[in-house]
Structure formats: C-alpha cells, structure tokens
Amino acid sequence: MATAYPSASWAADPARWLSESRFVVSSMETGPVGYLEAWGGSEFGYAYTFSISDAPADVTVDVDTGMLSIGAPLAVGTYGFKTSVRNRGDTSRVADFPVTLEVVAGVTARRTKSAILHRDYVVDSSEYGTPVGADYTEVLMKIRRAIVLDQKAVGDGKLRAAIIFHGGRQYDYVDNRWTFGIQHLEIRSDAPGVRATLRNIVSNNPYHIASAALQLGRQYFQCVQPAGEWICEQPRSIGYKIDTTDAGDDAVMLKDASDARNLPIGRYVMVGSYDQQMYGFPPNIRYFEYAKVLSVSGRKVVLDRPLRHRHKDNYWETLQDPNSLGVARIYAIDRDDQRLTLRARIKDIEFLVNPNSETVRLGGKLFGAALDMSFENCVIPHFVPTQARFARVAGGSVRDGELDKLVSMVVFDGTTTAGLHEGTGVDYLLFKNSNVTSGYGLAPRQLRAIDSTLRGVEHAPLTFKGSWTTQQVDVSGGEFAGAGPILAEWPPESLVVGQDGVSWDTRRLTVPALSSSDAKKIWGRAAWEGAIIYADAVRSPNWGVITDITGEADSMYFDIDWKAGPGPVAGTQLYVPRLHDLTIRAAHTASGLSWNDTNAGRQTTPAGARQFPEGYPTALSGF
C-alpha cells in the first residue's frame, strides 16, 4: 500500500491519544510511577508539554517528559483527573485527556489478595548469608531467588522489592545478573544521599558483557539465564509476523493464527519493523513500540493502546543475518523463561569500573534493560540503556555512555554527562538542566536540550553521527561552550543512479541491499519516509520526497515523489541529509565558538533561518 499524505493541517493538530491513561499503584508508593505519553497529532511524537488539574495534591507531572510522580503516599481509592497536552510548536493547540490513578492497599505483611506487598531485602542482614571476604555474589543471588519466589507467590505486579545496601560501604561480586526476572525493583542505599558503591570484579571471561558493572534486567532479545552461558541470541525465535498496520490501530493481525499461543494476555509485547542497521545485536529496528496484550482471537491480537507507527510486512530484511528484522512482527518480550523488569528505581548508588576488565569502558558498562528505569543521585561510568521504553537519569553523573537500541525515551535531568554517543535506536533524547560534554556523535531520531550547558572539547558541542538521520533537533536556553564550530555533521549520504545496480524509473529508486558496497546499506539507514532527496547537490532546487519504502530479499525500493526540477537520470548523484529540522534558541554562546551552517532541510539558529523547500509537505516530517 502506498503511503498517503496526511492532511495539510496534521502538523498543527493537537495530540490524539495517550498511550496509557490508567495507572495502578500502592498506598505505600512514592516517586515516579509512570509516564503520560501523547501521540498522533504534532509534527514530532514528543513535541508536547504536560500539565494536570484536579489531581491529588501530592501527584505531579513533569512538564517536559510527562512523568507522573507521587510525593507522599495516597489513601486507597480511585482518583480521576485531567491532563492537558500542549503542542510545543503551536502552544494554542491543546488536547485534554482523562487520567485514572487507582491506589490499592500497600502492605509489608499479612497481604490480602488485592494488596501490593512491599518487602525489603537487606544485603547485610545475614538472612541471605554472608559474603566470602568482600565478595557478595552468593548473597545477591540468594536475594534474587528470594524475590522471584515471593513474586510468584503473590502474583504478577503485586510485589515491590527493594534491595538495600549500606551507604558508604563497597560491595563486590563476580556475576552481574542478580536483577534478572524481578518485575518491580528498587535498589538503594539505606542512608538517603549517601551512596553505596557496587563493583563487578569478575576476571578472565571472554565475553565483555560479563565484565560489565551491572545488567539491570535481562535484555528481552537474549535467552541468557541468571547463571551459565553469557551469550544466547535468538531474536527471530520470539517474533511473529503480522500484517501491515497503520498508526492509530489498536490491534494487529498475525500471519499465522497458531502464533497466538505465544502471546499471553496481560503481558508486554514489542511491535517492530524496518531493519535500519543490517547487522549487530540487539537488532536495530527503526519503528518499535511497547504495549500489553488485551485479548487474542484467531489471528487478531488486541493491544491496550494505539500503535504509534505504521508497520509494514514488506520492509526489507535478509535471511543471511538472523539479526535482520525488517518485516512487521510482534515480539513476546515478557516470557515465562525470564520475566521482564517492568520498573526499576536506583537511588544513591555509585557503580565502579571492574578493575579486572580489559578496558575501562568495558568494565564500566551498565546495561539498563528495565522497561521503565530511573537512576537518582547515581554515578555511572558507562551507561548503556537498551531495549527499554523509558530511561531517566536524575542528578549524579554519567561519565560515558552508548545509547543503544529499541529505546523510546532517554532523559538526563540535572545530570553531568560526558562522552555520550550513538543513540541510533533511540526515538527521543532529552537533556534538561544538565551539563553535557559531547562525545564523538549522537544520532537519536529526536534530540531536545532545555536549559543545559552543551560543551565541546574534542568535538563540537553538537555532533551528529553519520549513516543515520536525526529528524529533529531543538535547543532552548542554556549555553554552548568550547571552541570552534557549534555544529558538526557527517556528510550527507549519496548514491549515483546507474552505478552499482542503483536504478530509477521515474518514481522508484531501486538499491541493492546485499551489495558489497556498504554505501547501499548506509542509504537504507539514512533514508526514511518523509526525507528530502536532492539531485546534483545538497539543497539544490532539484528535489523530491520519499513517500514509501519497501523491499525484498536482495533490493530496497524507495518511492520518490519528485517535487521540483527535472529529476534523476543516469549519472545523477542523489543526496539525503543527516539532519532534517534544526532549531536552536540558545541563551548564551561562549567566546571561541562560531555558528556554522548544516545541510538540514530546515534550520533556525542565531545565525539565520532557512525553511524547507517550497512545496515540501511538512506533514511528512514527523514520526
């Protein structure tokens, strides 16, 4: 099915739905409890601010992220209130949605069937044994087993487990998988504001993941268990092909009805499509989203929320690589063999680099694979959020990091960060009130910085990593610091019609996917439905728009609506820029920095403004 242009007013329309509007918490819970995630109307999926009204006094929402928090325990009951979701680009566009907060009884003992059990597991209590010297591995593994048994006894979502360390003390271990299978987990110091230090000291392991500081939750594309083999990757074994969907659908149709047995009601799934990397683990799927199964009937799987993206059953993928996941599938990510970590909150913890690792970077990695995770006043040597819906770091510091794949939103709020890179599989990256030193390149689909210092040392303050497209950048307030140009961008990706099997037939560009030339694969990473394609030179008057992408075993097809100029012929060089839409409203620029132009389709900076080419359908530019 060809992509149809949305109405011309789509980019200015308010949000059309919330992914979640009902939240269940206990009467003992405080802190972050979920996110209001609006979608469906604005130019970009995260281009909203949030406010609430008629909510209990101790319930607040973060204006920029939609994070709901509870400041003090609430009485048992059902609370209804309203959220107002405002477009950032046009603040007159507001949508109101009802929100329900159901508070059930929280208890520490003598639990009734409907209550949520809160239990502390104190590392130094001797209840789970004592360390061997300074090695707490067996203690932590016994705690993990105790939590999993308690979790099974009380039922899904009914346990809030807290692993408590002593502030100011160091804890060593040789197995970093002691959080696997825990649904709702808190890891904290017993002295608020005083960090406990955690360190993996394993040595002589051939797999770098074994040397990492911690694996917070098991990555759902793994089949690794809490003990034994360190590598087990079978991504296609948990994915089931579905028919093409549209954004806003709340159900998917399985290709094979027998696959329904693998999708239990009430469990989380991931719906994903478009292989944008063509190698590596975990698979780098461009369009992905998380939902719960409400019901299954024949081939029909009903979800608890509308889909954000269109997922197509004729995207390109190759059987030659088991990690190539292109066609639309629904993935069982919360399985009986290892339960998904639904929410994790880590407070007042410093993670140390493994002194026995081959490199500091490998030994400092913290793999965060909880669906919703929050780090508060923590020190993380190398942060790797992966296969997660929400990742938040508040306060503390992150010395280095690789923002990995299949992550909807990463937030650094009041944090000092340095050396962050990648983000090619991140939908939205937000810096808020943070001090950020650039790494060698970031490439999320959407990046926003609010009241933050963006600092360049070896690189420009904003450096965008090539072979990927960042669709929107928005910087407001704060400061740029460093020397040299403010913006650094990899060159646009290009192809030549008539060379290396690339052909054009007045509407479709055919690109060999399995070419020995990596440039063909890179084109598939950089291009997207809505991208501007220039002929002859970047920002030339000869341009078109990608309206549809499909493919088969050996070729990728890019349908292009040519808007201006004569269009491609044999020998024409075609370009797709790395940046699409760039807006910077910085409050201050340090001396020694200079504003420079980029190849963005639209650009607004203190140095000047450039609009999209006349005739570009801006309704296509979002996701």
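Look a little higher up for the structure.
A few points on the structure.

Some details on the pairing of strand β7 (residues 67-70)
Here's step 1: Burial of β7 is two-sided: the residues M67 and S69 facing one way and the residues L68 and I70 facing the other way are all buried.
Here's step 2: In the sheet, strand β3 (residues 31-35) pairs with β7 via four bridges, with the strands oriented antiparallel. The residue of β7 that forms the bridge with G31 is I70.
Here's step 3: Where strand β6 (residues 59-61) and β7 come together, three bridges link them in antiparallel fashion. From the neighbouring strand, V61 faces β7, where its bridge partner is L68.
Here's step 4: The antiparallel pairing of β6 with β7 creates a hairpin that spans five residues between the two strands, and G66 there sits at a positive phi of about 80°.

Here's the deal with the state of the cysteines
Here's step 1: Summed over the entire model, instances satisfying the criterion amount to one disulfide.
Here's step 2: Between the sulfur of C223 and that of C232 lies a disulfide, 1.9 Å long from S to S. Because the sign of the S-S torsion sets the handedness, a value of about -80° for the bond joining C223 and C232 places this disulfide among the left-handed ones.

So, the environment of Y279
Here's step 1: For Y279, the location among the structural elements is in the loop between β19 (268-275) and β20 (285-297).
Here's step 2: The exposure class assigned to Y279 is partly exposed, which follows from its relative accessible area of 44%.

Things to note about the environment of T547
Here's step 1: By the secondary structure assignment, T547 is in strand β47 (residues 543-552).
Here's step 2: Residue classification places T547 among the buried residues on the basis of a relative accessible area of 15%.
Here's step 3: For T547 and D256, which are 291 residues apart along the polypeptide, the C-alpha to C-alpha distance reads 29 Å.

Points about the sheet that holds strand β5 (residues 48-53)
Here's step 1: Spatially, the four strands line up as an open sheet ordered β2-β9-β8-β5, and their pairing is mixed. Lying at the two open borders of the sheet, with one neighbouring strand each, are β2 (22-26) and β5. Put simply, the sheet's adjacent strands are angled 30° from each other on average, direction ignored.

A word on unusual backbone geometry
Here's step 1: Each neighbour pair has its own omega, and for F281 with P282 the value is -5°, a cis peptide bond.
Here's step 2: One can find P282 in the loop between β19 and β20.
Here's step 3: A positive phi angle, close to 55°, is found at N433, a residue other than glycine.
Here's step 4: Note that N433 resides in the loop between β34 (426-432) and β35 (435-442).
Here's step 5: What makes N433 partly exposed here is its relative accessible area of 42%.

Thoughts on the environment of V139
Here's step 1: Looking at where V139 falls in the secondary structure, it is placed in helix α1 (residues 137-154).
Here's step 2: Looking at V139, the relative accessible area reads 1%, which means it is buried.
Here's step 3: Each C-alpha atom of the pair V139 and V123 lies 7.0 Å from the other, and the pair is 16 residues apart in sequence.
Here's step 4: Setting aside residues up to four positions removed in sequence, V139 forms contacts with V123, Y128, G129, T130 and P131.

Quick notes on the rules
Residues numbered from 1 in each chain as written. Predicted model: local features only at pLDDT ≥ 70, side-chain atom pairs only at ≥ 80, totals over all residues. Heavy atoms only, no water. Buried < 20%, exposed > 50% of the residue type's maximum accessible area, 1.4 Å probe, protein only. Helix = DSSP H or I, 4+ residues; strand = E, 2+ residues; numbered from the N terminus. Pairing = 2+ DSSP bridges. Disulfide = S-S within 2.5 Å. Axes fitted to C-alpha atoms, helices over the stretch in contact; angles between N-to-C directions. Contact = heavy atoms within 4.5 Å.

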